[in-house]
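# Reading the structure
Chain by chain, the residues run as shown.
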Amino acid sequence: MSEQTTTGNEPGRENGPEAEPVPGPTAGPAPQTPESPEAAAVPESPEAAAAPEGPEAAAASDAPAPEAAPIAPKDRRRLFAALRWTAAVAVFAVVGAGVAYGITQPERTRIPGLSTADDGRWTFPALSQPALPAGAPLAQGPDNKDETHYAQLTGLLLPAPEDAKADDAVKADKDGAVSADVFLEEYAPDVREKLKQSLEWDGLRQITGRGWTMPDGTRTHVYLLRFHASGFVDAFKGCDTNARLNGVSALELDDVWTGVKTTQSAIVPLRFPGSGMAGQSEVSVYQEVKPVLGDEQTKVGCLQSGDVLGMVIQTRKGEVAPVPFHQSVILQSQLLS
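The sections below set out a description of the structure shown in this document. The shown structure was predicted, so the numbers you read here are calculated from the model rather than taken from an experiment.

Parameters and conventions
Residues numbered from 1 in each chain as written. Predicted model: local features only at pLDDT ≥ 70, side-chain atom pairs only at ≥ 80, totals over all residues. Heavy atoms only, no water. Phe/Tyr/Trp six-rings, centres within 6.5 Å; stacked < 30°, edge-to-face > 60°. Buried < 20%, exposed > 50% of the residue type's maximum accessible area, 1.4 Å probe, protein only. Core = buried A, V, L, I, M, F, W, Y, C linked by side-chain atoms within 4.5 Å. Helix = DSSP H or I, 4+ residues; strand = E, 2+ residues; numbered from the N terminus. Contact = heavy atoms within 4.5 Å. Arc of directions from axis to C-beta. Salt bridge = Lys/Arg side-chain N within 4 Å of Asp/Glu carboxyl O.

Our focus in this paragraph is the packing of aromatic side chains. Under the counting rule described, the total for this entry stands at 5 aromatic pairs. Measuring from ring centre to ring centre gives 5.7 Å for Phe183 and Tyr187, while their planes differ by 70°; the resulting arrangement is edge-to-face. Judged by centre distance (6.4 Å) and plane angle (45°), the ring pair of Phe227 and Phe236 falls under tilted. The pair formed by Phe227 and Phe236 is uniform in burial state, with each residue classed as buried. One aromatic cluster is present, formed by Trp122, Phe124 and Trp212 through successive ring pairs.

Right, here's the structure in full:
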């Protein structure tokens with residue numbers, strides 16, 4: 001163990017690779033060699049490298065981060081309380097949105113607490129006018145002075161409301177057309193022949209009709225009569241106070257309709273007594289004079305719009321309710337306009 005490390009080449013290996021130094025005891029401290037500034041900054045031992053100094057060195061260290069301190073029971077309770085309140089707010093937001101959606105979707109009359117008193121009106125399907133032939137003007141258009149209706153007449157006929165059952169008394173074919181004889185069954189037998197001649201001479205082109213019965217027993221018959229021109233509509237005398245409807249003693253002006261009409265401030269020239277304007281149609285409304293014949297009352301709405309005459313006839317045991325009757329007349333008038 002007293003050998004010293006040699007610094008030369010071993011004999012016989014002058015041309016071989018440089019021999020690796022063999023560690024051995026040193027006689028004294030190793031001589032100090034000058035160091036560069038970069039070298040001086042390198043730690044001399046692994047312990048020194050494992051403990052760097054300064055915040056920058058601490059950030060660059062690869063040592064594992066210390067474990068998070070456990071949450072104190074007091075802080076844990078606060079965290080749970082915050083989570084509960086957050087969940088409660090989310091639940092209230094979802095429930096509130098659902099209630100708002102539920103209120104806006106149904107009809108107001110079907111929501112408890114917000115419903116209004118039922119006035120007896122019927123629920124009709126959405127109304128829309130039929131398409132016109134290519135190039136045809138509107139009945140009320142500025143380029144249609146005679147107010148001729150070019151749309152299909154069945155498309156202008158008022159549809160039946162909800163809960164209605166078809167009334168077979170209005171015998172229409174598959175296209176909705178009604179013969180003159182079927183239409184004249186609405187009148188007293190002794191005047192039918194005269195009215196039929198009037199229709200033939202006064203330029204009748206087509207009749208269409210529809211009938212229905214409501215759960216309360218109200219029967220409604222709606223007819224549209226198309227003439228060759230609007231002047232022929234004035235010549236027909238089957239829809240006024242002198243009309244002799246089947247089973248009706250006499251007609252007079254509808255008192256409710258007339259009372260509302262008299263409150264209107266606008267004064268419009270009218271061709272029929274007791275008539276009013278609904279849209280661009282001229283409307284006259286009549287009721288059976290009391291006491292009525294039998295146990296049923298009849299009301300009639302007459303609508304004149306250009307070359308088309310509309311009739312809405314309602315009959316009900318006791319008395320015809322004014323609201324659904326006027327509603328039907330107005331809606332039919334809007335379709336013609």
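The next thing to look at is the nonpolar core. Generally speaking, soluble globular proteins have nonpolar side chains that are buried together. Counting residues in hydrophobic clusters, the biggest one holds 27 residues, and the most contacted among them are Phe183, Tyr187, Tyr223, Leu225, Phe236 and Val300. Within the residue set of this core, elements represented by two or more residues are α5 (180–184), α6 (192–201), β3 (219–227), β7 (296–305) and β8 (308–317). Leave out the neighbours within four places in its chain, and Tyr223 touches Val170, Val178, Phe183, Glu186, Ile207, Thr208, Gly209, Leu309, Gly310, Met311 and Ile313. Ranked by size, the runner-up nonpolar core spans 22 residues in total, among them Leu157, Trp212, Trp257 and Leu335.

What follows covers α6. Residues Leu195, Ser198 and Leu199 constitute the buried set of α6. Seen along its axis, α6 keeps its buried residues to an arc of 100°; they face one direction. In α6, the exposed positions angled more than 90 degrees off the buried face are occupied by Glu193, Lys194, Glu200 and Trp201. The inward-facing, buried residues of α6 abut α5, β2 (204–213), β3 and α7 (230–235). Taken from the residues just after α6, Gly203 is the one with a positive phi, measuring 80°.

On to the pattern of salt bridges, then. Within the structure shown, the criterion is met by 8 salt bridges. Asp119 is the partner of Arg121 in a salt bridge, and the nearest nitrogen-oxygen pair spans 2.5 Å. A relative accessible area of 35% means that Asp119 is categorised as partly exposed. Among the salt bridges present, the one from Asp190 reaches Arg244, with a minimum N-O distance of 2.9 Å. With Asp190 in the loop between α5 and α6 and Arg244 in the loop between α7 and β4 (251–253), this residue pair connects regions lying 54 residues apart in the sequence.

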